[in-house]
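Coordinates in review
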Amino acid sequence: MAASRQPLFCHVEFGGAVAAREPPEAAPEGLEAVFPREVGLFADAFPEETRYGFCGHVLTIAQHHGARLGVAAPVWEALRVSAGGSVSLMLLFSCPVYHRMASFSTCPSALLISAPKALTLCKYFEKQKLNFWGKKVIELGAGTGIVGILATLLGGDVTITDLPLALEQIQENVHRNVPAAHSARARVCALSWGLDHEEFLRDYDFILGADIVYLKDTYPLLIRTLRHLCGPHSTIYLSSKMRQEHSTAMFYEALLPLHFTSELAYRDENENINIYRVTSKQNS
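Residues numbered from 1 in each chain as written. Predicted model: local features only at pLDDT ≥ 70, side-chain atom pairs only at ≥ 80, totals over all residues. Heavy atoms only, no water.

Per the secondary structure count, the protein chain includes six helices and 13 strands. Considering the protein chain as a whole, with its 284 residues, one finds that 51% of them fall into the buried category. When contacts within the protein chain are restricted to residue pairs at least 6 apart in sequence, long-range pairs at least 24 apart make up 68% of them. In the structure as shown, the protein chain presents an accessible area of about 13500 Å², 54% of it carried by carbon and sulfur atoms. (Helix = DSSP H or I, 4+ residues; strand = E, 2+ residues; numbered from the N terminus. Buried < 20%, exposed > 50% of the residue type's maximum accessible area, 1.4 Å probe, protein only. Contact = heavy atoms within 4.5 Å. Areas by Shrake-Rupley, 256 points an atom, 1.4 Å probe, with all protein chains shown as cover.)

And the structure:
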């Protein structure tokens, strides 16, 4: 078996315009060029370990690629240079919504295409200076767990959820980024929408979801889960790429309003990303 390739790193210098990455390895030869090693299957395009800066915290996020995790693995990154020459990070996050379909054991090939730009939510937290201190928080479809980890570092008592196949990756990232003294405030556990949601508490202060609305068959399961988790004083933040082909707008304009009150909190016109602030109609 071929040796595992070394992870790539992206180094960000705050306050400057420098973003450096190690040079790529030499091109493979022979059979290795035809049959890439699984550990580094996407490594040329998506780093296996990356650092991101939000709210004064530097997060080191590990990503484990492969068909079993599929789009659950990556925090997808792109660098945007502003007119003034400074570098900001636009994080692209894909969440394994298809895993809500219990019959899937591996990633459908159609879901290995380009993932949406969804970690606008972390930048929103930073811009709005959201206060999670002492709040009960739950993240749905966490993938790498970066949103829930940031909420933990901002003071929240956070439950970070996904299906079992993603939990090892999330736990690793929690261990990397949450100091031991605060580790009790980051709980990682499995949650299958519409199936075991009733095992979780009601009335969380905050419910978070980053790009989890893009598979129509899961929309009723997500609504059912949100109805259970959301109490009269809960606030839900959902960040979504507004994909016409996946009827994302239908979820927000037709399904969600049946049970919730929602408002557009932020829109990125360039990336076609919306962030919605959602509350229970009991709180209206």
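After presenting the structure, the write-up continues.
Turning to the nonpolar core, a few remarks are in order. Judged by nonpolar contacts, the single largest core of 35 residues is most densely connected at Phe-125 and Val-147. Looking at this core, the elements that each hand over two or more residues are strand S3 (49–54), strand S4 (57–62), helix H2 (120–128), helix H3 (146–153), strand S8 (157–162), helix H4 (164–177), strand S9 (186–190) and strand S10 (206–210). Take this core: its biggest share by element is six residues, from H3. Once residues lying within four places of it in the same chain are set aside, the contact partners of Phe-125 are Cys-55, Leu-130, Phe-132, Val-147, Leu-150 and Leu-208. (Core = buried A, V, L, I, M, F, W, Y, C linked by side-chain atoms within 4.5 Å.)

A word on the packing of aromatic side chains. Using the criterion set out here, one finds nine aromatic pairs in the structure. A centroid spacing of 5.0 Å and a plane angle of 70° characterise the contact between Phe-132 and Phe-206, whose relative ring orientation is edge-to-face. One end of the pair, Phe-132, is in the loop between H2 and strand S7 (136–140); the other, Phe-206, is in strand S10, and 74 residues separate them in sequence. For Phe-206, a relative accessible area of 12% corresponds to the buried category. For the ring pair Phe-251 and Tyr-252, a centre distance of 5.1 Å and an interplane angle of 85° mean the geometry is edge-to-face. Take Tyr-252: its relative accessible area is 3%, and that puts it in the buried class. (Phe/Tyr/Trp six-rings, centres within 6.5 Å; stacked < 30°, edge-to-face > 60°.)

Let us look at the side chain of Ser-234. In this structure, Ser-234 sits in the loop between helix H5 (219–229) and strand S11 (235–241). A polar contact of 3.4 Å, which involves the side chain of Ser-234, links it to the side chain of Asp-203. Here the side chain of Ser-234 touches Tyr-204 through a polar contact of 2.4 Å, landing on its backbone oxygen. The residues contacting Ser-234, other than those within four sequence positions of it, are Asp-203, Tyr-204, Asp-205, Leu-229, Val-278 and Thr-279. (Polar contact = N/O pair within 3.5 Å; in protein donor to acceptor, adjacent residues only side chain to side chain.)

The subject of this paragraph is unusual backbone geometry. Despite not being glycine, Cys-55 has its phi angle at roughly 55°, a positive value. Its relative accessible area of 23% is what places Cys-55 among the partly exposed residues.

Moving on: the sheet that holds strand S13 (residues 273–280). Strand order in the open sheet formed by seven strands is S9-S8-S7-S10-S11-S13-S12, and the pairing between neighbours is mixed. The open sheet terminates on both sides in strands that have one partner only, identified here as S9 and strand S12 (260–268). Between one strand axis and the next, the sheet turns through 20° on average, direction left out of account. Packed onto the sheet, H2 meets S10, S11, S12 and S13 and runs at close to 70° relative to S13. Strand contacts of H5: S7, S10, S11 and S12, with the helix running at about 175° to S7, the strand carrying the most contacts. (Pairing = 2+ DSSP bridges. Axes fitted to C-alpha atoms, helices over the stretch in contact; angles between N-to-C directions.)

Once that is clear, we can look at the pairing of S13. Among the eight residues of S13, seven are classified as buried, and the element is accordingly described as predominantly covered. Alignment of S11 against S13, held across six bridges, turns out to be antiparallel. The residue of S13 that forms the bridge with Ile-236 is Val-278. Counting the residues between successive antiparallel strands, the hairpin from S12 to S13 contains four residues, one of them, Asn-272, with a positive phi of roughly 60°.

Here we take up the pairing of S4. Pairing geometry for S3 and S4, over six bridges, is antiparallel. Within S4, the position partnered with Arg-51 by the bridge is Thr-60. Between S3 and S4, which follow one another and run antiparallel, lie two residues, and Cys-55 among them has a positive phi close to 55°.

Let us now look at the packing of H5 against helix H6 (residues 248–255). Remark: H5 packs on H6, axes separated minimally by 11 Å, with the N-to-C direction vectors making an angle of 45°. With respect to their mutual orientation, H5 and H6 come out oblique. Where H5 crosses over H6, the two elements pack in a sense that is right-handed. Counted together, Tyr-219, Leu-222 and Ile-223 of H5 and Thr-248, Met-250, Phe-251 and Leu-255 of H6 form the full contact between these two elements. Among the residues making up the contact of H5 with H6, the classes are represented as six nonpolar, one polar and no charged. (Parallel < 35°, antiparallel > 145°, perpendicular 65-115°, else oblique. Left-handed = near helix turned anticlockwise from the far one by under 90°. Nonpolar A, V, L, I, M, F, W, Y, C, P; charged D, E, K, R; others polar.)

Let's shift gears to the environment of Met-250. Along the polypeptide, Met-250 turns up in helix H6. Taking relative accessible area as the criterion, Met-250 reaches 34% and is therefore assigned partly exposed. Put simply, Met-250 and Lys-216 are 34 residues apart on the chain and 9.3 Å apart in space, counted from C-alpha to C-alpha. Apart from residues lying up to four places away in sequence, Met-250 is in contact with Lys-216, Tyr-219 and Leu-255.

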